[in-house]
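Breakdown of the fold
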Amino acid sequence: MRLLLKGAHVIDPASGVDGARDVLIEDGRIALVDVAIPPSETGHTVVVELGPSLVVCPGFIDMHVHLREPGYEHKETVATGAAAAVAGGFTAVACMPNTNPVNDSASVTRFILKQAAEAGLARVYPIGAVSKGSDGKELAEMADMREAGCVAYSDDGRPVATALLMRRALEYAGMLGLPVIDHCEDKTLAGEGVAHEGFNASQLGLRGIPSACEDVMVERDIVLAAMTGSHAHIAHLSTAGALRAVRAAKARGVRVTCEVAPHHFILSDERLLAPLAYDTNLKMNPPLRHAVDRDALVEGLSDGTVDAIATDHAPHHADDKRVEFDRASFGIVGLETAVSLSLDRLVHAGVISLARLVELLSTNPARILRVPGGRLQAGDPADLTILAPELNVTVAAAAFRSKSRNTPFDGWPLRGGVAATVVGGRALFVNPGVPQVAGLGRA
Amino acid sequence: MPILMDSERISRSLTRIAHEIVERNRGVGDLALVGVRTRGVPIARRLAASLREITGVEVATGALDITLYRDDLMKTAVGPQPIVRRTEIPFSIDDRHIVLVDDVLYTGRTIRAALDALIDFGRPKTIQLVVLVDRGHRELPIKADYVGKNVPTSRRETIHVRLAEIDGRDDVTLDQAEGERA
Amino acid sequence: MSDNAARLRGKDLLGIADLTPSEISLILDTAEAMKEVSARPIKKVPALRGKTVINLFYEPSTRTRTSFEVAEKRLSADTLNIAIATSSVVKGETLIDTALNLEAMSPDLIVMRHASSGSCHLLARTCRAGIVNAGDGMHEHPTQGLLDAFTIRERKGRLQGLKVAIVGDMLHSRVFRSNVYLLAKMGAEVWACGPPTLMPAGIEQMGVHATTSVEEAVKDADAVMMLRIQLERMEGGFFPSLREYFQVFGMTPERVRLAKPDAIIMHPGPMNRGVEIASEVADGPASVILDQVANGVAVRMAVLYLLAGGGDDETAA
């Protein structure tokens, strides 16, 4: 079984390809990426003429999602989350351990992987808890979880509670060759905060979460990463101060990487006032920051300080959001909006190139998590994201594959979308609005 | 825009009404004037001045805002609320003859509201009504005791009373208009 | 028609932040007329006859609830009081469900007090009834701001150009926010004073002069307004002790002497004597604290009257 994608613009930062190429897929693996591959004489080859308006990239990896299973299946399941992933152009996701029970043991890890295999959609990489129950006291069985399939450790939803625990986690994870991903928030500074501390939250009478609570924790993690020589990854970095710290640490050679979420590089906290005051779909943690922070993140995306775009996909049932702002759950869904938002607000806005976008969404996440993919290499599984950069799309939350609809971007017109998502050579998502990929659906 | 009354005619009418008030009440002993806002108030003041000239007595004069008593107040779910202005009746109306003063008598609904409002202030001996113009078309059993001028009108017409204190000049005109006042 | 009729643009009063200076003036002018009603032998007018007003109080508040209730009764509205202890909230009903249930009874106005900032916005988006914010979390308490402005205007004849000092817990105070927005919109000069731990972030952008020196705030002020200090704030570590708070920020007769000789002393209540204000000041000749209470009824009557006409945003006056 062969599939030949012809005439597309292929971008693979890992191999430096950025131009018209054909991609040949054989038995679910990449066979060849080259200029004008002739259809093979022997055997049956499905040829799909993509043309130069479509862009073929190594499959996108969202390294920060919440799939809610086990425990919160009314918000999302591994299967619905994986369906949302492929619909949003992601061939793989890494899921955070704050489920119920917490993914702090190999058995929960195996359960998640079993659910993912049954769904047969996007690849799912579980992230194990740093501490048992993510309660910040004792280390979880990190080696055992790696054995079961975990790709990183995090107590996400909460910070790694103490400097001592972070030190131990980095040392231990370093032995295992995996990163520790930290949700950086000094809880004593954040208090009961629900919005970025500043003029806008003050006007609305919302308790503030100061930037300092993130900055302090990022600095702590950098110091400890330097001390241990292990790899610390900063989740959903949101402040200008944290970005400066990461930039300086990288310059010193500290093993620190970071991700940012689309809502943080697009929105800022004045949105809380208008057009819809107290919109609970603008409540997330870290909160929407000041416009100065947002602009700093955009700069970090462009200058290379930021390693990855990750959505922090946080599905919540409508009941969790249709309440008073301070009682609403934190978080928004992101899997089905991230690619269009990034194309529109970063690539078409002239902030970054398409190649840099592929780095942020594929090359770097694969490198940070040390998972397959992130490149178009012969012999690798054929995980591809095919973009239609000029496609006009309108975000329609009602049509999401995710179980949840909590997005502030509903109805947004955006330029750029996903044409198709191919996992292991199978087209698991084919956008009916893009005629060139119709043939993939039949392949 | 035919002029029904000019400044002089208004003045003569009010003087005549002042005499009638004195005659009917046999003096001004227990009398008080209450003007209905807006234009009833200056008319009441002018009457008070005439009464002082005739009798040498200063008749107590108040101002009544009937907005909060209007029967059409909350009928429309949409629309601006009439502005509420101060009511100033700095005297007791109990056991007094109250002369209520307004500019135009039309459906009678304003006067109905004014009567309700007045009665909330006490129990007058009598309430009498002065209007500068009676244009007919009553919807309630209300009749003026003293009328400056009776003007037969159609419902499509509008009476405009202008008074120097508010409008810079005195006159009463009849306008062909789309009827903005009830 | 525009000089004889006027309206607020929205169906709700959610905060002073949404009001224009002319809307504020309209409410204050209307309140003057309403104040006269309260001086009559029969303190009642039929303006809201047949209208239903629900007072929905999720936080205990004798003062504000009573004031609204008196205002409603003086306008002849039918009133219904729902307090948290007697409602289904204890069973965990959501605000939206409660709102929909109340809506089914076709109220014309709902007056709500709630501990969450923005809860009145949520209610306003759910209900056709007009919503009057009677205090939402740390956000706004617009009728308090209006009655304070009314009281100042009554005593000083204006708001424009006055120096008003506000002293106390600004961080947690909805009264502070409503007063600052209102006074700034009406051209007063506001000085805000308290410990830095109790100042909201970005306070300078609110159009006030922020200072930790009570002397600087009070100097030559036309009005001095104290905000309540809650014991919980001390326990929350915002300041060391009530005793020390009074020493540094308490309104003493000596400090009042720094203000203009005819300055007025205000407090939204309930007062903590000996914490934010000395009894000699609270009970002194300059105190207008009880006037504030009386004016509260007039201002709330004005707000209820102006909102009861209902309507959409299209025909702004």
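Presented here is an overview of the structure given in this document. Quantities reported herein were computed from a predicted structural model and do not represent experimental measurements.

Cut-offs used in this document
- For every chain, the first residue of the written sequence is number 1, and numbering continues from 1 onward in sequence order.
- Here the convention is simple: chains get letters from A, ligands get numbers from 1, in the order in which they are written.
- Side-chain atom pairs in this predicted model are given and counted only at pLDDT of 80 or more, local residue features only at pLDDT of at least 70, and totals for whole chains, interfaces and linings cover all residues.
- The basis for every side-chain value is the complete set of non-hydrogen atoms in the structure, without hydrogens or water.
- Numbered from the N terminus, helices here are DSSP runs of H or I no shorter than four residues, and strands are runs of E no shorter than two.
- Computation of the radius of gyration draws on C-alpha atoms alone. For the globule rule, the value is 2.2 Å times the number of residues to the power 0.38.
- Three labels apply to residues, based on accessible area from a 1.4 Å probe with only protein chains included: buried if under 20% of the type maximum, exposed if over 50%, partly exposed otherwise in between.
- Whether two residues touch is decided by their heavy atoms; if any such pair falls within 4.5 Å, the residues are in contact.
- Think of a salt bridge as a Lys or Arg side-chain nitrogen and an Asp or Glu carboxyl oxygen that are within 4 Å of each other.
- What gets called buried area is simply the loss in accessible area from a 1.4 Å probe that two parts show on being joined, summed for both.
- The residue classification treats Ala, Val, Leu, Ile, Met, Phe, Trp, Tyr, Cys and Pro as nonpolar and Asp, Glu, Lys and Arg as charged. All others, Gly included, are polar.
- Buriedness for pockets is judged along seven lines, at least five of which must meet protein on both sides within 12 Å for an open set on the 1 Å grid over protein atoms alone, while cavities are sets there where a 1.4 Å probe fits but cannot get out, and lining residues have an atom within 4 Å of a point.
- Grid points are joined across faces, edges and corners, and a volume is the space filled by probe spheres set on the points.
- A pair of strands is treated as paired once DSSP finds two or more bridges between them.
- What counts as an axis is a line fitted to C-alpha atoms, over the stretch in contact for a helix, and the angles between N-to-C directions run from 0 to 180 degrees.
- Any angle that falls under 35 degrees is termed roughly parallel, while one over 145 is termed roughly antiparallel, one within 65 to 115 roughly perpendicular, and all others oblique.

Points about the overall build of chain C
If you tally the helices and strands in chain C, you get 12 helices and 10 strands. In summary, chain C has a C-alpha radius of gyration of 19 Å against a globular reference of 20 Å for 317 residues, a match within 12%. Considering only C-alpha atoms, chain C reaches an extent of 55 × 50 × 40 Å along its principal axes. Taken over 317 residues, chain C has a buried fraction of 60%. Contacts in chain C between residues far apart in sequence, at least 24 positions, make up 74% of those at least 6 positions apart.

Considering the pattern of salt bridges
A side chain with one charge can pair with a side chain of the opposite charge if their charged atoms come near. In the structure shown here, the tally under the stated rule is 52 salt bridges over all chains. For arginine 327 of chain A, the salt bridge identified is with glutamate 324 of chain A, shortest N-O distance 3.8 Å. With relative accessibility at 4%, the residue glutamate 324 of chain A sits in the buried group. Arginine 169 of chain B is paired through a salt bridge with aspartate 171 of chain B; the nearest N and O atoms lie 2.7 Å apart. According to the relative accessible area criterion, arginine 169 of chain B is partly exposed, its value standing at 41%. One continuous salt-bridge network, built from bridges that share partners, spans Asp182, Arg220 and Asp221 of chain A.

So, the interface of chain C and chain A
On the chain A side, the residues contacting the 22 residues of chain C number 18 residues. At the boundary of chain C with chain A, total buried surface from both sides reaches about 1600 Å², with 55% on carbon and sulfur atoms. Linking chain C to chain A there are zero salt bridges. Breaking the side of chain C that touches chain A down by element, the ones donating at least two residues are helix H3 (95–103), helix H4 (119–126) and helix H6 (174–185) of chain C. The leading source of residues in the side of chain C that touches chain A is H4 of chain C, at four residues. Residues of the side of chain C that touches chain A, tallied by class, amount to nine nonpolar, 10 polar and three charged.

Concerning the environment of valine 224 of chain C
All names here are of chain C. Position of valine 224 relative to the elements: it lies in strand S9 (residues 223–226). Since its relative accessible area comes to 0%, valine 224 is described here as buried. Distance from valine 224 to serine 279, taken between C-alpha atoms, is 15 Å for residues 55 residues apart in sequence. Discounting chain neighbours no more than four positions away, the residues touching valine 224 are Ala165, Val218, Met251, Ala259, Ile264, Ile265 and Met266.

Some remarks on empty space enclosed by the protein
Residues and elements named next belong to chain A. Counted by the stated rule, this structure contains five cavities of 30 Å³ or more. Roughly 50 Å³ of internal volume is contained in the largest cavity. Taken together, Pro262, His263, Thr311, Ile332, Val333, Gly334, Thr337, Ala338, Leu341 and Phe409 make up the lining of the largest cavity. Secondary structure elements with two or more residues in the lining of the largest cavity: helix H9 (262–266) and helix H12 (338–347). A class-by-class count of the residues in the lining of the largest cavity yields six nonpolar, four polar and no charged.

What to know about the sheet that holds S9 of chain C
Strands in a sheet are paired, the pairing made by backbone hydrogen bonds, and the direction either parallel or antiparallel. Residue and element names in this part refer to chain C. If you trace the five strands from one edge of the open sheet to the other, you get S8-S7-S6-S9-S10, paired in parallel fashion. The open sheet has two free edges, formed respectively by strand S8 (209–211) and strand S10 (264–266), since each of these has just one partner strand. Here the average twist between neighbouring strands, direction ignored, is 20°. When S9 meets S10, the two strands line up parallel, connected through three bridges. What sits directly across from methionine 225, in S10, is methionine 266. Docked against the sheet, helix H5 (residues 142–156) engages strand S6 (163–167), S9 and S10, running at close to 165° with respect to S10.

Things to note about the layout of surface pockets
All names here are of chain C. Looking at the second largest pocket, its volume works out to about 1000 Å³. Lining the second largest pocket are 44 residues, with Glu59, Arg113, Arg174, Arg228 and Gln230 positioned closest to its centre. Every element with two or more residues in the lining of the second largest pocket is listed here: helix H2 (62–74), H5, H6, helix H8 (231–235) and helix H12 (289–308). Considered class by class, the residues forming the lining of the second largest pocket number 14 nonpolar, 18 polar and 12 charged.

Topic: the packing of helix H1 (residues 21–37) of chain C against H5 of chain C
Residues and elements named next belong to chain C. H5 packs onto H1 with a crossing angle of 70° between their chain directions and a minimal axis gap of 10 Å. One element, H1, and the other, H5, form an angle in the roughly perpendicular class. Facing H1, whose interface residues are Ile24, Ile27, Leu28, Asp29, Ala31, Glu32 and Lys35, H5 presents Leu146, Ala149, Phe150, Arg153 and Glu154. Grouping the constituent residues of the contact of H1 with H5 by class yields seven nonpolar, no polar and five charged.

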